[in-house]
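Survey of secondary and tertiary structure
In case you want the letters, here they are:
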Amino acid sequence: MAVDPLSAELLYRSCDTSSFDFKTTAELEDLPGLAGQDRVLEALKFGTGIRRHGYNLFVLGRDGAGQQETVTRFLADIAPRERAPSDWVYVMRFSAPNKPISLELPKGIGTALKDGMANLVAELRVTVPAVLESEDYQNRTQVIAEEFRERQEKSFEELRARAEAEGLALLRTPSGFALAPVHAEGPHQGEVLKPDEFNALPEAERKRIETSIQTLQKELAEVLEHIPGWEKEHRLRLQEVNDEIAKRLVETAMADLRKRFDVTPALRDWLGVVAADLVENIALFAGTEQVQTPNGMVPPADLLRRYEVNVIVSNLPDEAASENGSHIGGGAPIIYEDHPTMQNLVGRVEHVPQMGALITDFTLIKGGSLHRANGGYLLVDAMKLLREPFAWETLKRALRRHKVIIESPGEFMSLVSTVTLEPDPVPLEVKVVLFGDRYLYYMLSNLDPEFAELFKVAADFDDVLDREPDNDLLYARFLAGLCRSEDLLPLDPSGVARVTERASRLAEDAEKITTAVRPIADLVREADYIARERHAGIITAEHVDAAIDAQVARADRMRESSLELITRDIIMIDTEGEVVGQVNGLSVLSMGEVSFGRPSRITARVRMGLGTARVLDIEREVDLGGPIHSKGVLILSGYLSATFLPEIPFSMSASLVFEQSYGGIDGDSASSAELYALISALAEVPIAQGLAVTGSVNQLGQVQAIGGVNDKIEGFFDICMRRGLTGDQGVLIPAANVKHLMLRQDVVDAVERGVFAIYPVETIEEGVELLMDQPAGARNAEGHFTDGSVYARAEARLAAFADNQRRFAQRVDDNGRK
C-alpha cells in the first residue's frame, strides 16, 4: 500500500510553445467574442431572436469574467441589422395641460420637429408685431374705431339736440350723463340754472322741464343700453380682423412645417391643434413685456413654452448618439444603465421653484433608460438593480404592462401632494439583459415568482475552458485582442505561455483555463508596464513573472504576518519530530482578492465512554464550526464505527480541536486530518510532524478532492522553507487533486531536489501508513487486523474501553443491589 511521492513533472503543467506559429500576438487576429462559450452563444441567439413577451435574459457568471463586455460585443454585431426604433417626444395637451401627449415619430424626426417649432415661434415673434404695426392693419382698425365713435357720437348729438329744443343741456359728469335746465336767453343764455333760479320759475314751467327731463332720461338710458352692444360689436369686428390676420400668418408660417412633418396621423392632428391655439393666443406674439394670466403677470416667453417639443428619445446620427450613451448605427439601441434607480429607469418629472412654489410642465419631463432602450436592448447589473429602492418592482411592472409610466418614489408611496403631471405612457418593446452571479439567479428563481415569467432565458458562462492546443491558441488570440484594444505591447510565445499557465493556476486546475477576464487583463497591463519600464518592445515570460511577483508582494502583508507568527513559535506548528494525536491540517485564508494557505495544529484526545462512540467537536460546541465542518466530523465518526469493533458497542469519548483557532471554521477539507489524529490517539502511534494533510473523507474511508490545494501546499512549504528543509517534509493530498496542481517554481524545484514531497492518497489507510510509518492493517480471514498494525492497536484499545465499561457498569449494579 506504499504511496510514492509525485514527480516534479506532475506539479506544474507548462504550456507548449511549439504549437505557437507566431513571433508576437500582433500577428494574430482578435478572438471572436464568444469563442469557447457555445452554450452562452446559443442562449443569446435564442433570447435575442424570439420576439415574445417574457423572453428577457439573465447572464450568469463569475465576477470578473467579462460577461458585460462579451454580451455587448455580441449585441453590437446584431443590433445594426435590426430596425431602428422610433423617436419619442412629449408635447402640450392644450385641453388638459397636466396630461402631456406622447408622440411616436420616425427615426430622427423628433429633433427636427423641436427645431421646427422653435423656428415657428421665432418667426411669429417677428412677423406678428410687424403686421400689427403695418399701415394696412392700422387703417383697418382705425376705420372700425371711427365707425364705433361716430355711431356713439351721433346718438348723443341727436339726444343733445332734442334736449336743447326743450331748454335742457346734456352734461357729462364723473358719474355719467345728466340732463339739466339752462337759461334760454339773456346774458347767461345756455348756462345751467341754479337751484334757486329753477325754484323761482313758474310752477307750470317747472313741471314742463321735469316732464321733458323724464322723457329724455328714458331716451338717454336707451342710448346707454346700446353702448355695450356697440362695444361688443366693435371688439368682434376687431377680433375678426385679428383672427383673419392671425390665420393668414399662422397658415403661412406653418405651411412648410405641416407639409414637412406630415408623417403620422397623431402628429398631423396635434399640429392642427397647435394652429388653432396659435390663432387664439396670437396676442402672445404682440411684443408686450407682460401678459395677464390667472396666476398674475408673466413674460410672454413663459407662455410660449407651450409650443415647445420635449424630445425624450432621439435616434441621432452616430456622433450624437455616442454622446447620448446609445449604440446606434442605423439599428437597435444598446443601453447600459450603470445606476438603475427607479427614476433612471422610467424617467422623472422635474420641478422648479417659482414664487415660493414648485411648478412643472411637460418640458421638464426627463426620459429614462427604458425609453432610450425602447426597441433595442437594456443592460443592467442585477445586484445594483436590487439595491435601489422600488427599482426591481418598477422594472417588472414596466415589462408586465409593456409600457413605461413615469412615476416618482414619492408618488409611489403616496408621500408627495405636490401637483404634478400625468404624462401619457410610452409603449415598451425592449429586451432586458441582467448580469449577476449564479447565487443571485437561483435566489430570484426561488423567491420571486414573477422572475421566471419575465426572464425565461439564462445564459450561463462557463468559469473555465479545457486546456488543449486549440484553446491555447484561442487564448493567444484573446490576448492579442486585449493588447490591440488597449494599446499594450504584444506578447511573444513565452509571454503567452506564462499568462496561460497563470490562467490555469487561477482556475485551480492544470487541465483548465479560467474565463475570468479581469485578473488576466490586469496581469497583462502590469506586465506591459514592467516591459516599458525596462525599454522592451514585447512582453515576455520574464515580464509576466515580474508582474505576478509584484502582485503577490503588494498583497503579501497578511501572509508574511502569519508566517512570522509561526516561525517565532507564537502559533505552534511542528515541522519535525513525532507526536501522538497531533497532525498538521491545512486551510486557506481568503481576504478579498488575496488567498493563501496556512497550517493549523489539530489535536485529538480519547478516553473510555459511556457505551457510545461520541466525538466532541470543540469548534462546534463554541459555535466556531460551520455546518459543513460539523458534517465532516460526523462522517469520520461513522467511519470509526464501521471500521472498528463492528459487532461490539463503542465505548469511546473523543475530542477534536483546531488549536489556536479564534475565528470561524467551515468546510470538510480537514476531516481526513482529524481522522488521522483520532486514529493516532486511539492506537497511541505518533504522527510525523514534517507532514501536513488536506482532504475530506467519506464513511468508506476514501479521501476526496478539496479546493485550494495549491495554496495549501505552498503555505506549509513556506513554513518548512523558513525553518529549513530536512528532506522528510511534505504534504498529503487527495489523489483526485493531482490534476489541479499548478505550484510555484520554488516548490517544484524543492520536489525535484528531493527535499520536499507531495503524496497523493486515495484512502485513509494509505495516509495512516505515510504519517505513522507503520502498516495500517487489514482484516484477515478470522476478522482480525494484522498483528502490530495501527488498526489492530486502535481496535485493541477500543475493546479495552468496552471491557472496562462493562466491568464499571457491573460494579455499579452490584453496589446498587447491596
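Please refer to the structure higher up on the page.
Procedures and definitions
Each chain has its residues counted from 1, running along the sequence as written. Reporting in this predicted model follows two pLDDT cut-offs: at least 70 for local features of residues, and 80 or more for side-chain atom pairs to be given and counted; totals over whole chains, interfaces and linings ignore these cut-offs and use all residues. Side-chain numbers come from the whole structure's heavy atoms, not from hydrogens or water. Numbering of helices and strands starts at the N terminus; helices are DSSP runs of H or I of at least 4 residues and strands are runs of E of at least 2. Each residue's exposure class comes from its accessible area (1.4 Å probe, protein chains only) as a fraction of the maximum for that residue type: buried when under 20%, exposed when over 50%, partly exposed otherwise. Contacts are assigned to residue pairs that have any heavy atoms within 4.5 Å of one another. When DSSP locates at least two bridges between a pair of strands, those strands are taken to pair. Inter-axis angles, ranging from 0 to 180 degrees, are taken between N-to-C directions of lines fitted to C-alpha atoms, where helices are fitted over the stretch in contact. The pocket and cavity definitions rest on a 1 Å grid over protein atoms only: a 1.4 Å probe that fits but cannot leave marks a cavity, an open set with protein on both sides within 12 Å along at least five of seven lines marks a pocket, and residues lining either have an atom within 4 Å of a point. Grid points are joined across faces, edges and corners, and a volume is the space filled by probe spheres set on the points. For this classification, Asp, Glu, Lys and Arg are treated as charged, while Ala, Val, Leu, Ile, Met, Phe, Trp, Tyr, Cys and Pro are nonpolar and the rest, including Gly, are polar.

A word on the environment of Ala65. You can see Ala65 is positioned in the loop between strand S1 (57-60) and helix H2 (67-78). The class for Ala65 is buried, based on a relative accessible area of 7%. Along the backbone, Ala65 and Asp463 are 398 residues apart, and their C-alpha atoms lie at a distance of 7.6 Å. With residues up to four places along the chain from it excluded, the contact list for Ala65 reads Thr515, Ala516 and Val517.

When you line up the elements, Ala391 lands in helix H13 (residues 391-401). Here the alpha-carbon distance between Ala391 and Pro409, two residues 18 residues apart in the chain, equals 9.5 Å.

Strands sit in the order S9-S14-S17-S1-S18 across an open sheet of five strands; the sheet is parallel. Looking along the sheet, the strands with just one partner apiece sit at the ends: strand S9 (334-337) and strand S18 (457-460). Across the sheet, the axes of successive neighbouring strands diverge by a mean angle of 20 degrees, strand direction being ignored.

A separate point is the side chain of His740. For His740, the location among the structural elements is in the loop between strand S30 (730-734) and helix H26 (745-753). A relative accessible area of 18% means that His740 is categorised as buried. Filtering out sequence-adjacent residues up to four positions away, His740 remains in contact with Glu508, Asp509, Ala510, Val709 and Asn710.

Right, let's get into the layout of surface pockets. Considered as a void within the structure, the largest pocket measures approximately 1600 Å³ in volume. If you list the elements that add at least two residues to the lining of the largest pocket, you get helix H18 (493-507), helix H19 (517-533), helix H20 (541-554), helix H21 (557-567), strand S22 (582-591), strand S23 (594-608), helix H25 (709-723) and H26. Broken down by class, the residue content of the lining of the largest pocket amounts to 15 nonpolar, eleven polar and 21 charged.

Structurally, Thr694 can be placed in the loop between strand S27 (691-693) and strand S28 (696-697). Taking the relative accessible area as the measure of exposure, Thr694 reaches 1% and is therefore buried. When residues no more than four places from it in sequence are discounted, the contact partners of Thr694 are Leu586, Ser669, Ser672, Ile706, Lys712, Leu732, Ile733 and Pro734.

Moving on to empty space enclosed by the protein. The tally for this structure, following the rule as stated, stands at two cavities of 30 Å³ or more. In this model, the largest cavity occupies a volume close to 50 Å³. For the largest cavity, the full set of lining residues is Val346, Thr394, Arg397, Ala398, Arg401, Lys403, Val404, Ile405 and Glu407. Listing elements by their share of the lining of the largest cavity, those giving two or more residues are H13 and strand S15 (403-404). A total of four residues in the lining of the largest cavity trace back to one element, the largest contributor, which is H13. Tallied by class, the residues present in the lining of the largest cavity amount to four nonpolar, one polar and four charged. Its boundaries defined by the atoms lining it, the second largest cavity holds a volume of some 30 Å³. Looking at the lining of the second largest cavity, the elements with two or more residues in it are H21 and S23. Along the lines of polarity and charge, the residues of the lining of the second largest cavity split into five nonpolar, two polar and two charged.

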